[in-house]
Amino acid sequence: MTASLQSGEPGAVGRRIDELPGPRALPLVGNMLQIDRLRVHQTMERWSGQFGPIFRVRFGRGNVLVVADGAAVSAILRDRPDGFRRPAVTALVSEEMGGRHGLVTSEGEAWRSQRRMVMAAFAPQAVKAYFPSLVKVVLRLQRRWETAARDGTPIALGPDLKRYTVDIIAGLAFGTDVNTIEGGDDVIQRDLDLLLPALARRSVALIPYWRWFKLPQDRRLERSVAAIGSAGNQLIIVARARLQAEPARREQPGNLLEAMLAAADRSDSGVDDDIVAGNVSTMLLAGEDTTANSIAWLLYQLARNPDGQW
């Protein structure tokens, strides 16, 4: 993981971050020209083998602390947001793209307020209420893969798992059955597929050209961000209507969005519908891509190590 510190702040084992080992940086651009935007994780892995589990890289003139040690990562996560923060460029680029702040891009007291709301939304009863629908989505994927196996048709693992995670998140978080597994690509999924690559690309860009002029890909990105924001607003409108029609849902929410709205409506919550909308987008983004990739990696490893399947 990466975490930001100001230059001169204490780093690992009492050292200052600018005293930590790391790849040689160029003036002004730092290490940005040494990073393949499509393989950032592989670059960091290679550098951790060279410089150790805790090292620094430079993005422009700013230092970024890179940690590749499980125990240290756990300690850092517990020390957020007071001792560590996520790289500031992530929040800046997200805001420039028109994204709303959610738990992932927030810091300080805003992070604390949102974390309380999100954790309340993950109460056991909210997850249990969705379990039957969760089983239904899993069975759809199973039928799809069984049909492909019977027909000898290759499986596009990545796209299939993204459809699966979109269906899971839409039901678990928002109480909607989008069924992209059987129905093919969903419009919202195509918009989501543009966001994370754009965020990664802009975060390590040498020149932020989009601040002065926009390419066709940037205009497509703007339309996708607007579409996702509109979809999130509509989900909130529908969820609020359900809460108003069935007040008992405030005590026993049927999905995570209803639980977040119920938590946000408390007088001491410190959040509003705009923050809820930001976390709607966060759930879609964080759940779809990262979960699908994690499952794909797990299946790949199980295929290579059949003994681990039992």
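Parameters and conventions
- Residues numbered from 1 in each chain as written.
- Predicted model: local features only at pLDDT ≥ 70, side-chain atom pairs only at ≥ 80, totals over all residues.
- Heavy atoms only, no water.
- Buried < 20%, exposed > 50% of the residue type's maximum accessible area, 1.4 Å probe, protein only.
- Helix = DSSP H or I, 4+ residues; strand = E, 2+ residues; numbered from the N terminus.
- Patch = residues over 30% accessible without salt bridge, like charges linked within 9 Å, V, L, I, M, F, W, Y side chains within 5 Å.
- Areas by Shrake-Rupley, 256 points an atom, 1.4 Å probe, with all protein chains shown as cover.
- Salt bridge = Lys/Arg side-chain N within 4 Å of Asp/Glu carboxyl O.
- Axes fitted to C-alpha atoms, helices over the stretch in contact; angles between N-to-C directions.
- Parallel < 35°, antiparallel > 145°, perpendicular 65-115°, else oblique.
- Contact = heavy atoms within 4.5 Å.
- Nonpolar A, V, L, I, M, F, W, Y, C, P; charged D, E, K, R; others polar.
- Pairing = 2+ DSSP bridges.
- Phe/Tyr/Trp six-rings, centres within 6.5 Å; stacked < 30°, edge-to-face > 60°.
- 1 Å grid on protein atoms, 1.4 Å probe; cavity = no way out; pocket = protein on both sides within 12 Å on 5 of 7 lines; lining within 4 Å.
- Points joined across faces, edges and corners; volume = space filled by probe spheres on them.
- pLDDT = per-residue confidence, 0-100.

## Some points on helix α10 (residues 256–264)
Point 1. With nine of its nine residues buried, α10 lies for the most part within the structure.
Point 2. Within α10, burial applies to L256, L257, E258, A259, M260, L261, A262, A263 and A264.

## As for a nonpolar patch on the surface
Point 1. Where nonpolar side chains cluster on the molecular surface, the patch consists of L26, L33, L206, I207, W212, F213 and L215 and spans about 760 Å² of accessible area.
Point 2. One can find L206 in the loop between α8 (187–203) and α9 (216–245).

## Structural notes on the packing of α9 against α10
Point 1. Between α9 and α10, whose axes approach to 10 Å, the crossing angle comes to 75 degrees. By the angle between their axes, α9 is roughly perpendicular relative to α10. Mapping the contact onto sequence places L235, I236, A239, R240, R242 and L243 in α9 and L257, E258 and L261 in α10.
Point 2. For the contact of α9 with α10, the per-class residue count stands at six nonpolar, no polar and three charged.

## Looking at the pairing of strand β2 (residues 54–59)
Point 1. The sheet contact formed by β2 and strand β3 (residues 62–67) spans six bridges and is antiparallel. Looking across to β3, one finds that R58 is bridged to N63.
Point 2. Between β2 and β3, which pair antiparallel in sequence order, lie two residues; one of them, G60, sits at a positive phi of approximately 65 degrees.

## Here we look at unusual backbone geometry
Point 1. We note that L28 has phi near 70 degrees; this positive angle belongs to a residue other than glycine.
Point 2. Relative to the helices and strands, L28 is located in the loop between β1 (2–4) and α1 (40–51).
Point 3. For L28, a relative accessible area of 65% puts it in the exposed group.

## What to know about the packing of aromatic side chains
Point 1. Within this structure, the stated rule accounts for four aromatic pairs.
Point 2. Pairing Y209 with W210 gives two aromatic rings, centres 5.4 Å apart and planes at 80 degrees, and the pair type is edge-to-face. In this structure, Y209 and W210 share a single accessibility class: buried.
Point 3. A ring pair is formed by W297 and Y300, whose centres lie 5.5 Å apart and whose planes are at 35 degrees; its orientation type is tilted. Residue W297 and its partner Y300 are both found in helix α11 (residues 273–304); the two are separated by three residues, about one turn of the helix.

## Looking at the layout of surface pockets
Point 1. The calculated volume of the largest pocket comes to roughly 2,000 Å³.
Point 2. If you go around the largest pocket, you meet 49 residues; those closest to its centre are T90, L196, L199, A200 and T290.
Point 3. Within the residue set of the lining of the largest pocket, elements represented by two or more residues are α1, β3, α3 (88–96), α8, α9 and α11.
Point 4. Tallying contributions element by element places α11 first for the lining of the largest pocket, with ten residues.
Point 5. When its residues are assigned to classes, the lining of the largest pocket shows 24 nonpolar, 16 polar and nine charged.

## With respect to the confidence of the model for the protein
Point 1. Of all residues in the protein, 92% attain a pLDDT of 70 or more, and the chain-wide mean is 81.
Point 2. Highest mean pLDDT in the protein belongs to α1 (91); lowest belongs to β1 (48).
Point 3. Every residue in residues 2–12 is under pLDDT 50, and counting partners more than four places away or in other chains gives 37 contacts.

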